[in-house]
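# Structural overview
One-letter residues, chain by chain:
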Amino acid sequence: MYNLDIILTHQDINVQAVKGKACVAIDTLRATSTIITALIHGCPEIIPVSSVTEALHLKKNKAYQDYLLGGEIEGQYIENFHLGNSPIDYCNISLQGRGIILSTTNGTRTLKKLKEARLVVICALLNARTVAEWITEQESDVIICCSGRRGNFSLEDFLTAGRLAAELRAGKKALAISDLAFTAAAFYENIKKSSTNNNTILKILKNTDNGKRLIKAGLEADIEHCSQEDITSLLPQYKSGSIKQLEIPDLKDSMPRSSVI
Ligand code: MLT
């Protein structure tokens, strides 16, 4: 029987833990939500990098000179970059045929730590059901890798991990679930059981440390966007340093609310 486990921060990821395994990368607020949104809106490829210097260096390469630069440093826009790390930014411009070089504080660093994994997919609440289905097809242990923030656990990443673990517990295929994955599933199931309306996930995200930081920066709409569950069946894969989609989403059904307001 295969195992399902969770790593809580990118600082905790090591080669031993992920080598040869199927990994799911999560940064709910906001990197993985932004990556998924960019792909929904036609971006063919995203290259995650771990620093602004690396981004600028890559852009000088002929193969990447037409790529847009996106990302943030501690949540702030980066001078001379075309885009920030707000998923809303990526809803409002045409990304058809435009690749992106993305540098973020935690999310892209999580991905860079997963080079030894057998397979890596990108997950947020936006595509959680599709990722859960993908996990059930894996013939290896699965590690859900949360990004966290500044080396600390992030509740919103744990919530998304819990959504995946809850789906897997309810599904047909048996996976041996670690204590942490069991706790995450129970956390998510309890929220769903006790919620009286559809806004419960949004309320929780707004009350997280990252949520409060985004509200303070005037980016509450980003939290609303990222709180949406299952708006796309897109399954982005990180392979050989590049992120591309594995499935074409049904754009009509999966258009983020924030992009159509
Ligand atoms: C990150 O990668 O650290 C985050 O996505 C930060 C942010 O909200 O921009």
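Each remark here, short or long, concerns the structure printed above.
Here the structure is a predicted model, which means the values were calculated and not measured.

Reading the values: the criteria
Note that residues are indexed from 1 along each chain, following the sequence as it is written. Given that the model is predicted, a residue must reach a pLDDT of at least 70 before its local features are reported, and side-chain atom pairs must reach 80 or more before they are shown or counted; all residues, however, enter totals for whole chains, interfaces and linings. For the side-chain quantities, the full set of heavy atoms in the structure was used; hydrogens and water were omitted. Near residues are defined by distance, with any heavy atom within 4 Å of the molecule or strand qualifying the residue. Here a polar contact is taken to be a pair of N or O atoms separated by no more than 3.5 Å, where protein atoms must pair a possible hydrogen donor with a possible acceptor and residues adjacent in sequence count only if both atoms sit in side chains. To be clear on the numbers: accessible area is Shrake-Rupley with a 1.4 Å probe, and residue cover counts the displayed protein chains and nothing else. Side-chain classes follow a simple rule in which Ala, Val, Leu, Ile, Met, Phe, Trp, Tyr, Cys and Pro form the nonpolar group, Asp, Glu, Lys and Arg form the charged group, and the remainder, Gly included, forms the polar group. Only DSSP runs of H or I with at least four residues qualify as helices, and only runs of E with at least two residues qualify as strands; both kinds are numbered from the N terminus onward. By definition here, a helix of n residues has an expected span of 1.5 Å times n minus one. The buried label applies to any residue whose accessible area, calculated with a 1.4 Å probe on protein chains only, is under 20% of its type's maximum; exposed applies above 50%, and partly exposed to all values in between. By nonpolar core we mean a set of buried residues, namely Ala, Val, Leu, Ile, Met, Phe, Trp, Tyr and Cys, connected to one another through side-chain atoms within 4.5 Å. One speaks of a salt bridge when a side-chain nitrogen belonging to Lys or Arg is within 4 Å of a carboxyl oxygen belonging to Asp or Glu.

A few words on the site of the ligand. Looking at the ligand, the residues that line it are Asp 27, Leu 29, Arg 30, Ala 31, Glu 72, Asn 85, Thr 104, Thr 105, Asn 106, Gly 107 and Arg 213. With respect to the ligand, the side chain of Asp 27 contributes an N or O atom lying 2.9 Å from an oxygen atom. Protein contacts shield 98% of the accessible area of the ligand, which totals 270 Å² for the unbound molecule. The residue inventory of the shell around the ligand, partitioned by class, reads two nonpolar, five polar and four charged.

So, on to helix 7 (residues 155–170). Taking 1.5 Å of rise per residue, 16 residues should cover 22 Å, and helix 7 covers 22 Å from first to last C-alpha, within 8% of that figure. Taking burial as the measure, the 16 residues of helix 7 include 12 buried ones, the bulk of the element. Along helix 7, the residues classified as buried are Glu 156, Asp 157, Phe 158, Leu 159, Thr 160, Ala 161, Gly 162, Arg 163, Leu 164, Ala 165, Ala 166 and Leu 168.

In this structure, Leu 4, Val 24, Val 131, Ile 135, Ile 144 and Leu 164 are the most contacted members of the largest nonpolar core, which totals 39 residues. In terms of residue count, the dominant contributor to this core is helix 7 (seven residues). Counting residues in hydrophobic clusters, the runner-up holds 31 residues, among them Ile 7, Cys 23, Ile 40 and Ala 124.

Our next topic: helix 2 (residues 31–40). In terms of burial, helix 2 is largely enclosed, as 10 of its 10 residues are buried. Among the residues of helix 2, those classed as buried are Ala 31, Thr 32, Ser 33, Thr 34, Ile 35, Ile 36, Thr 37, Ala 38, Leu 39 and Ile 40. One or two positions beyond helix 2, positive phi appears at Gly 42, with a value near 100 degrees.

Attention shifts here to the pattern of salt bridges. Evaluation of the coordinates by the stated rule reveals 12 salt bridges. The partner of Arg 30 in a salt bridge is Asp 222, and the shortest N-O contact between them spans 2.8 Å. One end of the pair, Arg 30, is in the loop between strand 2 (22–26) and helix 2; the other, Asp 222, is in helix 11 (residues 220–226), with 192 residues separating them in the sequence. The class for Arg 30 is buried, based on a relative accessible area of 3%.

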